Amino acid sequence: QVQLVESGGGGLVQAGDSLRLSCVASERTFGAYAMAWFRQGPGKERRFVAGITSSGARTNYADSVKGRFTISRDNTKNTVYLQMNSLKPEDTAVYYCAADRSYYSRGYLATASALYDYWGQGTQVTVSS
């Protein structure tokens with residue numbers, strides 16, 4: 001029902017570099033959804049990276065990316081961003097954009113992937129040392 005399209009990945013970057021990912025939603029009610037980024041490294045589970053409330057007033061980050069990554073959104077463009085600074089080889093993963101349509105009723109930013117309703121196809125981020 002909701003299409004999410006990520007962009008900004010797909011290229012090799014060096015440790016210490018910065019990269020910005022974007023995710024554009026097709027849904028007109030995008031402004032009512034909480035949004036998040038997840039990532040999945042080779043042979044690992046899909047894990048929460050960063051989340052943002054529908055208004056953008058609150059954010060949440062995994063400990064591994066605090067101080068390096070910043071999530072933001074522009075509801076006039078139906079877009080959520082992930083600014084990644086000081087990249088490390090361990091950040092290498094497929095990054096997924098996700099939307100939580102039940103945010104208003106839930107009342108908190110979820111970190112479990114099962115609580116998100118719509119997903120992008122993912123974009124590869126590869127960081128070399």
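The coordinates are above.
Cut-offs applied
Residues numbered from 1 in each chain as written. Predicted model: local features only at pLDDT ≥ 70, side-chain atom pairs only at ≥ 80, totals over all residues. Heavy atoms only, no water. Helix = DSSP H or I, 4+ residues; strand = E, 2+ residues; numbered from the N terminus. Rg over C-alpha atoms; globule rule 2.2 N^0.38 Å. Contact = heavy atoms within 4.5 Å. Areas by Shrake-Rupley, 256 points an atom, 1.4 Å probe, with all protein chains shown as cover. Lys, Arg positive; Asp, Glu negative; His and termini not counted. Charge placed at Lys NZ, Arg CZ, Asp CG, Glu CD. Pairing = 2+ DSSP bridges. Axes fitted to C-alpha atoms, helices over the stretch in contact; angles between N-to-C directions. Buried < 20%, exposed > 50% of the residue type's maximum accessible area, 1.4 Å probe, protein only. Polar contact = N/O pair within 3.5 Å; in protein donor to acceptor, adjacent residues only side chain to side chain.

Student: Describe in detail the overall build of the protein chain, supporting the description with residues and values.
Tutor: The helix and strand tally for the protein chain stands at one helix and 11 strands. Taken against the 2.2 N^0.38 rule, which gives 14 Å for 129 residues, the C-alpha radius of gyration of the protein chain at 14 Å falls within 12% of a compact globule. Over its C-alpha atoms, taken along the principal directions, the protein chain stretches across nearly 45 × 25 × 25 Å. Across the protein chain, every contact between residues at least 6 apart in sequence was considered, and the portion connecting residues at least 24 apart equals 60%. Accessible surface, the protein chain as shown: approximately 6500 Å² in total, 44% of it carbon and sulfur. A distance of 3 Å separates the average location of the 14 positive side-chain charges in the protein chain from that of its 10 negative side-chain charges.

Student: Give me the sheet that holds strand β7 (residues 69–74): which residues, what numbers.
Tutor: The strand order across the open sheet built from four strands is β1-β3-β8-β7, with neighbouring strands paired in antiparallel fashion. At either end of the open sheet lies a strand with only one pairing partner, and these are β1 (4–7) and β7. Direction aside, neighbouring strands of the sheet carry axes that sit 15° apart on average. Where strand β3 (residues 19–25) and strand β8 (residues 79–84) come together, six bridges link them in antiparallel fashion. Opposite C23, over in β8, you have V80 as the bridge partner.

Student: So what's going on with the pairing of strand β9 (residues 93–100)? Which residues, and what values?
Tutor: When you tally the buried positions in β9, you get seven out of eight residues, the bulk of the element. Relative to β9, strand β4 (residues 34–40) runs antiparallel, the two sharing seven bridges. Bridge pairing links W37 to C97 in β9. By the bridge criterion, three bridges tie β9 to strand β11 (residues 123–128) in an arrangement that is antiparallel. Residue pairing in the sheet places Y95 in a bridge with T123 of β11.

Student: Can you tell me about the side chain of T53, naming the residues and giving the values?
Tutor: Residue position: T53 is located in the loop between β5 (47–52) and β6 (59–61). Residue classification places T53 among the buried residues on the basis of a relative accessible area of 2%. Here the side chain of T53 touches A57 through a polar contact of 3.2 Å, landing on its backbone nitrogen.

Bear in mind that shape data such as this cannot, by itself, settle questions of function.
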